[in-house]
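Each chain is listed here by its residues.
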Amino acid sequence: MRWDIFCKVIDNHGDIGVCWRLAADLATRGQQVRLWVDGAQALTWMAPGALQGRWPRITVMTWEQSRDVALLPSLPPADVWVEGFGCDIAPEFLQHRFNSHRPGRPGRQAQPIWINLEYLSAEHFAQRSHGLPSPVMQGPAKGCTKHFYYPGFAPDTGGLLREPELALRQASFDRAGWLATQGIRWHGERLVSLYCYEPQALADLLAQLCQDPTPTRLLVTHGRAAAAVEAIRAGAPDALSIVYLPALAQRDFDHLLWSCDINFVRGEDSLVRAIWAGKPFVWQIYPQHDDAHHAKLQALLDALAAPRSWRYFHAVWNGIIEARLPQPDWIAWSHAVLQARDKLMRQTDLITRLLRFVETLPPALNAQAENR
């Protein structure tokens with residue numbers, strides 16, 4: 001089938017990161033994908049070659065092109081639309097699809113299968129709301145139906161993004177070889193990755209790692225994490241060995257998580273990748289002004305059957321509890337992560353579920369035959 005994926009980049013690259021993994025996974029399974037995005041610059045490092053059309057079966061389109069009434073008639077209509085995180089498709093795009101006449105056929109073009117891809121959550125509402133229809137009540141698409149698609153950790157949700165070859169890639173991964181490509185001379189010391197915003201407990205973490213008798217090297221990701229570490233360490237060098245990494249492609253970000261013994265991650269995409277890495281991790285959830293992220297974090301830890309010490313560490317790291325960062329129990333957390341990963345690995349992945357979901361929608365909503 002042909003897919004149109006729509007993505008508006010808000011901040012921190014999480015939205016485009018998820019939409020790109022979605023597009024890439026669909027393409028490897030033989031689907032044709034157009035990714036419409038309003039800020040594709042991140043793809044220059046996240047997916048090198050994407051803007052130049054070097055990824056088979058994926059075409060990156062600008063958001064302005066989705067409003068170009070001269071361009072749209074030259075493009076074949078898609079069978080499936082995916083609105084990433086509820087972004088609204090350009091009205092010009094809708095107007096073209098639903099108010100244009102096709103040669104030899106009266107009326108407007110057939111409705112595509114229309115998916116509203118929601119944010120990942122382990123909360124119960126994701127199970128209740130997954131797959132529900134949402135009628136369009138106004139505009140050129142009036143009378144059409146969208147369907148909510150909720151990624152999640154339970155079998156009755158939309159699942160988690162996981163490429164079919166991920167386990168094989170991970171099993172054959174050369175840790176020392178990849179570190180060498182990053183200019184890191186690894187001598188067996190503990191490796192910790194840091195991908196975060198600006199947690200108040202960051203200074204405590206740096207002090208812990210510095211004072212820990214286990215030799216540690218901290219691998220700090222490009223952007224906000226690097227700026228936060230540099231701000232704390234400015235004018236006060238310590239004994240902690242730190243490597244500041246360049247911006248990494250998604251594939252190399254996976255390699256970073258596989259290389260490290262402990263991973264600090266943030267946002268949606270890196271959380272899932274940390275779970276697949278199978279290493280103890282700490283997640284910084286994106287803060288919301290009404291503290292709705294507190295319940296979201298708790299639901300995730302419930303889904304992972306997190307030990308009490310892991311929950312408390314997360315509460316302090318995320319600023320839910322004001323306290324000094326406690327000493328971590330990496331061994332207990334490692335066992336919990338591996339058990340959770342094994343359980344989730346036995347479930348079908350998001351793309352497999354999405355393809356099945358699209359195929360099982362009522363025939364009246366399936367525009368595939370009409371478009372062909």
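Residues numbered from 1 in each chain as written. Predicted model: local features only at pLDDT ≥ 70, side-chain atom pairs only at ≥ 80, totals over all residues. Heavy atoms only, no water.

Engineer: How should I be thinking about the overall build of the chain in this particular structure?
Structural biologist: In terms of regular secondary structure, the chain is built from 15 helices and 14 strands. Relative to a compact globule of 372 residues, whose C-alpha radius of gyration would be 21 Å, the chain shows 22 Å and is just as compact. Projected onto its principal axes, the C-alpha positions of the chain cover 75 × 40 × 40 Å. Relative to its 372 residues, the chain shows a buried fraction of 55%. Total accessible area computed for the chain in this model is approximately 16,900 Å², and 54% of it derives from carbon and sulfur atoms. Distance between charge centroids for the chain: 5 Å, based on 37 positive and 37 negative side chains. (Helix = DSSP H or I, 4+ residues; strand = E, 2+ residues; numbered from the N terminus. Rg over C-alpha atoms; globule rule 2.2 N^0.38 Å. Buried < 20%, exposed > 50% of the residue type's maximum accessible area, 1.4 Å probe, protein only. Areas by Shrake-Rupley, 256 points an atom, 1.4 Å probe, with all protein chains shown as cover. Lys, Arg positive; Asp, Glu negative; His and termini not counted. Charge placed at Lys NZ, Arg CZ, Asp CG, Glu CD.)

Engineer: Got a minute to help me understand the packing of aromatic side chains in this structure?
Structural biologist: The way to describe two aromatic rings as a pair is by their centre distance and the angle between their planes. One pass over the structure, following the stated rule, counts 25 aromatic pairs. Centre to centre, the rings of F6 and W36 are 6.2 Å apart; their planes meet at 10°, and the pair counts as stacked. Residue F6 is found in strand β1 (residues 2-7), and its partner W36 is found in strand β2 (residues 32-37); the two are separated by 30 residues along the sequence. Neither F6 nor W36 differs from the other in exposure class; each is buried. Plain terms: the ring middles of F264 and F313 are 6.4 Å apart, the flat faces sit at 50° to each other, and that makes the pair tilted. Of the two residues, F264 sits in strand β13 (residues 262-266) while F313 sits in helix α12 (residues 308-317), which places them 49 residues apart along the sequence. By relative accessible area, F264 is classed as buried at 1%. Overall, F313 belongs to the buried group, its relative accessible area being 0%. Pairwise contacts between aromatic rings join F6, W36, W63, W81, F93, F98 and W114 into one cluster. Over the ring of W276 we find R162; its NZ or CZ atom is 5.2 Å from the centre of that ring. (Phe/Tyr/Trp six-rings, centres within 6.5 Å; stacked < 30°, edge-to-face > 60°. Lys NZ or Arg CZ within 6 Å of the ring centre and 35° of its normal.)

Engineer: In this structure, what is going on with the sheet that holds strand β11 (residues 216-220)? I would like to understand it.
Structural biologist: Two pairing modes exist for strands in a sheet, parallel and antiparallel, and in both the strands are linked by backbone hydrogen bonds. With parallel pairing, five strands are arranged side by side in an open sheet as β12-β11-β10-β13-β14. Looking at which strands have only one partner, the edges of the open sheet turn out to be β12 (241-244) and β14 (281-284). Across the sheet, the mean angle from the axis of one strand to that of its neighbour is 15°, orientation sign disregarded. Contacting β13 and β14, helix α10 (residues 267-277) runs over the sheet at an angle of about 155° to β13. (Pairing = 2+ DSSP bridges. Axes fitted to C-alpha atoms, helices over the stretch in contact; angles between N-to-C directions. Contact = heavy atoms within 4.5 Å.)

Engineer: Would you take a moment to explain the state of the cysteines for this structure?
Structural biologist: Throughout this description, disulfide means a covalent bond between two cysteine sulfur atoms. Scanning all chains against the criterion turns up zero disulfides. Here C210 stays free of any disulfide, with the sulfur of C196 as its closest cysteine sulfur at 17 Å. (Disulfide = S-S within 2.5 Å.)

Engineer: Explain unusual backbone geometry to me, please; I cannot follow it from the model alone.
Structural biologist: Backbone phi values are negative for most residues with the exception of glycine, while trans is the configuration of most peptide bonds. Although it is not a glycine, R57 adopts a positive phi angle of roughly 70°. As for its position among the elements, R57 is in the loop between α2 (43-46) and β3 (58-62). A positive phi angle is found at F85, which is not glycine, with a value near 60°. Along the chain, F85 turns up in the loop between β4 (80-84) and α3 (91-99).

Engineer: Help me out: how do you make sense of the packing of helix α1 (residues 14-28) against helix α14 (residues 350-359) in this one?
Structural biologist: When two helices pack together, their arrangement is captured by the angle between the axes and the distance separating the axes. α14 packs onto α1 with a crossing angle of 70° between their chain directions and a minimal axis gap of 10 Å. Classified by the angle their axes make, α1 and α14 are roughly perpendicular. Here L22, D25 and L26 of α1 come into contact with α14, specifically with L350, I351, L354 and L355. Here the contact of α1 with α14 is built from residues that sort into six nonpolar, no polar and one charged. (Parallel < 35°, antiparallel > 145°, perpendicular 65-115°, else oblique. Nonpolar A, V, L, I, M, F, W, Y, C, P; charged D, E, K, R; others polar.)

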